[in-house]
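Each chain, letter by letter, is given below.
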Amino acid sequence: MGPEPTPAAAVLAQLEQLRADDLPTHGGRTLAYVYDSGVAEADELGRQALAMYGGTNGLDPTAFPSLLRMETELVGVAREMFHGGPDVVGTVTSGGTESILLAVQAARDAHPEITDPVLVVPTTIHAAFHKACHYFGLERVSVPVDPGTFRADPTAMAAAMDEHAGRVVLVAVSTPSYAHGVIDPVEEVAAATRERGLRLHVDACIGGWVLPWADVADPWDFAVEGVTSLSADLHKYAYAPKGVSLLLHADAALRRPQLFASADWPGYTMLNSTVQSTKSGGPLAAAWAVVRYFGDSGYARLVRTSLEGTRAVVAGIETQEHLHVVVPPDSTLVAIGTDGSCDVFTLSDLMLERGWFVQPQMGFEGAPATLHVSLSAATAASVPDFLTALGECVEEAVRRGPVVVDAELRAAAEAIDPATLDDDAFDGLLQVAGLAGEGGTIGLPEHMAPVNALLDVAPPRLREALLVAFLDRLTR
Ligand SMILES: *Cc1c(COP(=O)(O)O)cnc(C)c1O
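In this text, all values refer to a predicted model and were calculated from it rather than measured experimentally.

Considerations on the domain arrangement of the protein chain
The accessible area lost on association of the parts is a frequent measure of interface size.
Argument step 1. With domains assigned, the protein chain is organised as domain 1 (49-290), domain 2 (296-400) and domain 3 (407-474).
Argument step 2. Put simply, the middle of domain 1 and the middle of domain 2, counted by C-alpha atoms, are 28 Å apart.
Argument step 3. With both sides pooled, the region where domain 1 packs onto domain 2 buries about 1,900 Å², and carbon together with sulfur makes up 60% of that total.
Argument step 4. Looking at the side of domain 1 facing domain 2, the largest losses of area belong to Tyr178, Trp213 and Tyr237, adding up to 31% of the total buried there.
Argument step 5. The tally of links between domain 1 and domain 2 comes to one salt bridge.

Listed below in structure tokens is the structure:
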């Protein structure tokens with residue numbers, strides 16, 4: 001059973017070879033998914049710490065006091081960065097999603113008497129909150145954002161809190177939002193939650209290691225009275241290897257429902273602060289190492305570099321015919337739109353051919369599809385190259401014209417109720433969408449634009465169902 005024993009050198013060579021088809025994690029040309037400081041020594045340090053602690057187990061902090069110490073120190077660094085008082089406590093988690101899941105779970109379980117709990121968020125909140133509601137049985141009330149600024153509308157959010165009075169266990173906002181890179185008005189929303197005695201979570205997953213060194217006009221973190229929890233990912237702009245984020249609570253009482261123990265079985269008494277139980281100490285050690293390595297001045301420099309790069313991207317796009325910046329960004333994320341003479345899906349395909357990954361974002365509630373760019377420090381120096389490549393791609397994409405989705409197909413997509421589809425129907429639809437070949441072979445086509453354009457006109461529920469069917473088949 002299982003594979004034949006293989007010499008270590010051959011296995012390593014194979015791993016190396018497998019990586020060849022992946023997006024590059026370094027070099028500054030992958031503008032989503034990865035974050036690159038461009039500092040080789042920091043990368044090497046992170047890798048070494050990851051390897052050194054890869055076998056340790058955060059399941060029991062008394063058995064591995066090194067992990068407890070590093071976690072406490074990272075929380076201490078973050079507490080100060082985010083203007084937390086002495087009462088702030090925190091947990092190192094495996095990523096932004098886990099931090100958010102735990103924030104929602106703790107808020108729900110703080111109110112066992114509320115049997116139909118509600119989460120109030122702006123429509124721009126990260127989908128991790130949707131997942132949390134799905135996992136933990138909350139109703140999500142998504143409040144439309146200001147259509148001009150894409151920022152949360154505090155008045156509308158307050159109205160939603162009142163409409164669901166007695167059921168709201170948590171309100172959340174983003175600093176900044178992923179899709180548009182803008183900071184929600186934390187102070188105004190906090191005024192509403194404070195008045196109503198509600199918890200308020202600030203999702204700083206992507207901004208947490210940027211905004212403390214940026215010139216942000218208004219307070220947005222624990223400096224705002226009423227912010228009860230905050231998430232900040234270390235595996236994004238802290239430039240730590242993947243698998244690490246922070247969840248902070250304003251005080252220990254707010255965190256209390258997050259902690260879990262079970263003595264009701266014959267094994268060890270399980271005692272956890274996170275979703276994971278056995279968990280590698282590697283990502284924590286790597287984050288601790290990289291955060292120490294860069295220090296305050298290191299991050300100040302990296303943030304300055306990536307903000308300069310972002311400003312250069314924004315300025316370059318503004319001079320580019322057919323493109324515009326959807327909203328001036330507050331941080332290092334840019335959403336780019338077109339004037340309709342070309343489409344973002346063709347653009348992202350063409351950019352990929354030139355070695356640049358930019359992330360298409362589907363249209364949402366009437367707003368057209370956009371391209372997402374997360375700018376790391378390592379990209380800043382090559383922004384002129386990026387803009388040149390983008391300009392060439394726009395020219396080519398305009399020449400080709402936007403992908404047109406067949407009117408009949410569009411009408412069919414709009415009419416389909418995904419709940420009524422069986423497995424065979426999904427097989428057929430995946431072929432129509434271009435996500436499966438003849439005979440049902442599953443995989444991505446060479447050019448994603450036709451697939452994305454079709455998914456873009458599909459109602460979100462159908463898009464979700466199709467992609468779930470795709471993932472299901474991809475992983476069989
Ligand atoms: C990335 C991100 C998350 C989710 O984090 P993961 O690490 O991908 O699980 C949540 N919120 C925002 C704003 C993000 O950018």
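Details of the packing of aromatic side chains
Argument step 1. Under the definition given, this model contains 13 aromatic pairs.
Argument step 2. Judged by centre distance (6.4 Å) and plane angle (70°), the ring pair of tryptophan 209 and tyrosine 299 falls under edge-to-face. One end of the pair, tryptophan 209, is in the loop between β5 (200-203) and β6 (229-233); the other, tyrosine 299, is in helix α9 (residues 282-318), and 90 residues separate them in sequence. Accessibility assignment for this pair places tryptophan 209 and tyrosine 299 in one class, buried.
Argument step 3. Aromatic ring contacts, followed pair by pair, group Tyr35, Phe82, Trp209, Trp213, Trp220, Tyr237, Tyr239, Tyr293, Phe294 and Tyr299 into a single cluster.

Topic: the packing of helix α10 (residues 344-353) against helix α15 (residues 449-457)
Argument step 1. Where α10 meets α15, the axes come as close as 8 Å, and the angle between the chain directions of the two elements is 150°. Relative to α15, α10 is oriented roughly antiparallel. Taken as a pair, α10 and α15 cross one another with a handedness that is right-handed. Across the interface between the two elements, Phe345, Thr346 and Asp349 from α10 touch Ala449, Asn452, Ala453 and Asp456 from α15.

Section: helix α7 (residues 186-196)
Argument step 1. Residues Val186, Val189, Ala190, Ala192 and Thr193 constitute the buried set of α7. Taken around the axis of α7, the buried residues stretch over an arc of 160°, which confines them to a single face.
Argument step 2. Buried residues belonging to α7 abut α6 (154-163), β4 (168-174) and β5.
Argument step 3. In the stretch just after α7, glycine 197 is the one whose phi turns positive, near 70°.

Here we look at the environment of asparagine 452
Argument step 1. Relative to the elements of secondary structure, asparagine 452 occurs in helix α15.
Argument step 2. Taking the relative accessible area as the measure of exposure, asparagine 452 reaches 8% and is therefore buried.
Argument step 3. For asparagine 452 and alanine 433, which are 19 residues apart along the polypeptide, the C-alpha to C-alpha distance reads 8.7 Å.
Argument step 4. Each residue touching asparagine 452, except ones within four places of it in the same chain, is listed here: Phe345, Pro360 and Met362.

So, the site of the ligand
Argument step 1. Near the ligand lie 13 residues; those nearest to it are Gly96, Thr97, Asp203, His235 and Lys236.
Argument step 2. The separation between an oxygen atom of the ligand and a polar side-chain atom of threonine 97 is 2.6 Å.
Argument step 3. Here the ligand has 380 Å² of accessible area as a free molecule, and 85% of this is covered by the chains.
Argument step 4. The greatest single-element share of the shell around the ligand, amounting to three residues, is contributed by helix α4 (residues 96-109).
Argument step 5. Residues of the shell around the ligand, tallied by class, amount to five nonpolar, five polar and three charged.

Here we look at the environment of valine 451
Argument step 1. Tracing the backbone shows valine 451 in helix α15.
Argument step 2. Ignoring anything within four residues of it in the chain, the contact list for valine 451 reads Ala433, Gly434, Leu435 and Pro445.

What about the packing of α4 against helix α5 (residues 128-136)?
Two packed helices can be described by the angle between their axes and the distance between those axes.
Argument step 1. At a minimum axis separation of 9 Å, α4 and α5 run at an interaxial angle of 45°. Considered as vectors, α4 and α5 are oriented oblique to each other. In the packing of α4 onto α5, the handedness of the crossing is right-handed. Here Thr97, Ile100, Leu101, Val104, Gln105 and Arg108 of α4 lie close against α5, whose contacting residues are Ala128, Phe129, Lys131, Ala132, Tyr135 and Phe136.
Argument step 2. Here the residues of the contact of α4 with α5 sort into eight nonpolar, two polar and two charged.

Digging into the side chain of arginine 199
Argument step 1. Note that arginine 199 resides in the loop between α7 and β5.
Argument step 2. Here arginine 199 is buried and forms no salt bridge, its nearest opposite-charge partner aspartate 251 lying at an N-O distance of 7.2 Å.
Argument step 3. Here the side chain of arginine 199 touches leucine 254 through a polar contact of 3.0 Å, landing on its backbone oxygen.
Argument step 4. Contacts of arginine 199, omitting those with residues within four sequence positions, involve Ala106, Ala107, Ala110, Val169, Leu170, Val171, Thr193, Thr228, His249, Ala253, Leu254 and Pro257.

Notes on the sheet that holds strand β12 (residues 359-361)
Argument step 1. In space, the four strands of this open sheet follow the order β10-β11-β13-β12, with antiparallel pairing throughout. The open sheet is flanked by β10 (323-325) and β12, the only strands paired with a single partner. With direction set aside, neighbouring strand axes in the sheet form an average angle of 35°.
Argument step 2. As paired strands, β10 and strand β11 (residues 333-338) are joined by three bridges and run antiparallel to one another. Counterpart to leucine 323 in the pairing with β11 is threonine 338.

A look at unusual backbone geometry
Argument step 1. Geometrically, the link from threonine 175 to proline 176 is a cis peptide bond, its omega value of -5° lying close to zero.
Argument step 2. For proline 176, the location among the structural elements is in the loop between β4 and α7.
Argument step 3. The backbone of histidine 83 shows a phi angle near 55°, a positive value even though the residue is not glycine.
Argument step 4. When you line up the elements, histidine 83 lands in the loop between α3 (65-81) and β1 (89-93).
Argument step 5. Classification of histidine 83 as exposed rests on a relative accessible area of 52%.
Argument step 6. You will see that phenylalanine 150, though not glycine, has its phi angle at about 65°, which is positive.
Argument step 7. Structurally, phenylalanine 150 can be placed in the loop between β3 (139-143) and α6.

Conventions used here
- Residues numbered from 1 in each chain as written.
- Predicted model: local features only at pLDDT ≥ 70, side-chain atom pairs only at ≥ 80, totals over all residues.
- Heavy atoms only, no water.
- Domains from an automatic or database assignment.
- Buried area = accessible area lost by both parts, 1.4 Å probe.
- Salt bridge = Lys/Arg side-chain N within 4 Å of Asp/Glu carboxyl O.
- Phe/Tyr/Trp six-rings, centres within 6.5 Å; stacked < 30°, edge-to-face > 60°.
- Helix = DSSP H or I, 4+ residues; strand = E, 2+ residues; numbered from the N terminus.
- Buried < 20%, exposed > 50% of the residue type's maximum accessible area, 1.4 Å probe, protein only.
- Axes fitted to C-alpha atoms, helices over the stretch in contact; angles between N-to-C directions.
- Parallel < 35°, antiparallel > 145°, perpendicular 65-115°, else oblique.
- Left-handed = near helix turned anticlockwise from the far one by under 90°.
- Contact = heavy atoms within 4.5 Å.
- Arc of directions from axis to C-beta.
- Near = heavy atom within 4 Å.
- Polar contact = N/O pair within 3.5 Å; in protein donor to acceptor, adjacent residues only side chain to side chain.
- Areas by Shrake-Rupley, 256 points an atom, 1.4 Å probe, with all protein chains shown as cover.
- Nonpolar A, V, L, I, M, F, W, Y, C, P; charged D, E, K, R; others polar.
- Lys, Arg positive; Asp, Glu negative; His and termini not counted.
- Pairing = 2+ DSSP bridges.

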